[in-house]
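Architecture and fold: a report
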Amino acid sequence: MFTGIIEETGRLKSFDGGRIEIACVKVLEDVKIGDSINTNGICLTVTDFGDNYFAADVMPETVRRTSLEIGGVINLERAMKVGDRFGGHIVSGHIDGVGKIIGIRAEGNAIIFNISAGGALLKQIASKGSVALDGISLTVVEAGADYFSVSMIPHSRAVTNFNFKRVGSLVNIETDIFAKYIERMTKFKLEPELSREFLIDNGY
């Protein structure tokens, strides 16, 4: 589990479709084989590491759902510890899909990013709700029919890969975990009769 507060940025050294290698420093301070590291929003398990990198295996489902680029700047966060401050929101590291930046503008001391996304993702994104973009915990400013927007302070932009994002850049999107469960529950309203039949058929 993560909070969406980025600890450092690294570089994607290599990615062969099955194994990924990330150049980094800070997240290696207490790393062990089997640890989880949020890597551009993706929860990866450390399978190997050295003085300035860690490696992880990447499943085909992860490749299908995410955007990763050799040489790209990667946001990194170690799994949270019990008792740590909870600075962002609950981030699982399970990417739901990819969006595209369609607009960037300044508003006072903030930078507003407009992100286009598919309807399946937008159903789980609400104004003033939480969303993780490339692993960064952000608050939704506006949720439209085919896009949503988030606001970022200059510090957050400077210490994350959003400092390098431009119009047309892709972002990994993780919607709020509670929105997923609410949508799932509203889809399946099982009638009591069906519930009894299921129990009987399965020997309960």
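Residues numbered from 1 in each chain as written. Predicted model: local features only at pLDDT ≥ 70, side-chain atom pairs only at ≥ 80, totals over all residues. Heavy atoms only, no water.

1. Focus on the overall build of the chain
From N to C terminus, the chain includes five helices and twelve strands. Over its C-alpha atoms, taken along the principal directions, the chain stretches across nearly 60 × 45 × 35 Å. Sorting the 204 residues of the chain into buried and exposed places 41% on the buried side. Considering only intrachain contacts with a sequence separation of at least 6, the fraction spanning at least 24 residues in the chain is 68%. Carbon and sulfur atoms provide 55% of the accessible area of the chain, an area that totals close to 11200 Å². For the chain, the distance from the average site of its 22 positive side-chain charges to the average site of its 26 negative ones is 4 Å. (Helix = DSSP H or I, 4+ residues; strand = E, 2+ residues; numbered from the N terminus. Buried < 20%, exposed > 50% of the residue type's maximum accessible area, 1.4 Å probe, protein only. Contact = heavy atoms within 4.5 Å. Areas by Shrake-Rupley, 256 points an atom, 1.4 Å probe, with all protein chains shown as cover. Lys, Arg positive; Asp, Glu negative; His and termini not counted. Charge placed at Lys NZ, Arg CZ, Asp CG, Glu CD.)

2. Re the sheet that holds strand β4 (residues 42-49)
On the basis of which strands lie adjacent, the closed barrel formed by six strands has the order β1-β2-β5-β4-β3-β6 and antiparallel pairing. This sheet shows a mean twist of 45° between the axes of neighbouring strands, independent of strand direction. With four bridges connecting them, strand β3 (residues 36-39) and β4 associate as antiparallel partners. Each residue of the ladder has a partner; that of Thr-39, found in β4, is Ile-42. (Pairing = 2+ DSSP bridges. Axes fitted to C-alpha atoms, helices over the stretch in contact; angles between N-to-C directions.)

3. Notes on unusual backbone geometry
Residues other than glycine seldom take positive phi values, yet Lys-128 does so here, at roughly 70°. With respect to the secondary-structure elements, Lys-128 resides in the loop between α2 (119-122) and β9 (130-133). On the accessibility criterion, Lys-128 (60% relative accessible area) is exposed. Here the phi dihedral of Asp-134 falls at roughly 50°; this positive angle occurs in a residue that is not glycine. Note that Asp-134 resides in the loop between β9 and β10 (136-143).

4. A few points about the side chain of Asn-75
With respect to the secondary-structure elements, Asn-75 resides in strand β6 (residues 73-78). A relative accessible area of 0% places Asn-75 in the buried class. A polar side-chain atom of Asn-75 sits 3.0 Å from the main-chain carbonyl oxygen of Asp-134. Leaving out residues up to four positions away in the same chain, Asn-75 has contacts with Ile-6, Glu-8, Thr-9, Asn-38, Thr-39, Asn-40, Asp-134, Ile-136, Thr-160 and Asn-161. (Polar contact = N/O pair within 3.5 Å; in protein donor to acceptor, adjacent residues only side chain to side chain.)

5. Section: the sheet that holds strand β12 (residues 170-175)
Read around the closed barrel, six strands run β7-β8-β11-β10-β9-β12, paired in antiparallel fashion. This sheet shows a mean twist of 45° between the axes of neighbouring strands, independent of strand direction. Of the strand pairs in this sheet, strand β7 (residues 97-107) and strand β8 (residues 110-116) are connected by seven bridges, and their pairing is antiparallel. Along β8, the bridge assignment pairs Lys-100 with Ser-116.

6. Section: the packing of aromatic side chains
Across all of its chains, the model carries one aromatic pair by this definition. Across the ring face of Phe-162, the terminal group of Lys-165 is positioned such that the distance to the ring centre comes to 5.9 Å. (Phe/Tyr/Trp six-rings, centres within 6.5 Å; stacked < 30°, edge-to-face > 60°. Lys NZ or Arg CZ within 6 Å of the ring centre and 35° of its normal.)

7. A look at the pattern of salt bridges
Scanning all chains against the criterion turns up 15 salt bridges. When the shortest N-O distance is used, the salt bridge between Arg-78 and Glu-29 registers 3.9 Å. In this pair, Arg-78 is assigned in strand β6 and Glu-29 in the loop between β2 (19-23) and β3, connecting sequence segments 49 residues apart. Owing to a relative accessible area of 19%, Arg-78 belongs among the buried residues under this scheme. By relative accessible area, Glu-29 is classed as exposed at 58%. Here Glu-183 and Lys-123 are joined by a salt bridge, their closest N and O atoms 3.1 Å apart. Of this pair, Glu-183 sits in helix α4 (residues 177-187) while Lys-123 sits in the loop between α2 and β9, and the two are 60 residues apart along the sequence. (Salt bridge = Lys/Arg side-chain N within 4 Å of Asp/Glu carboxyl O.)

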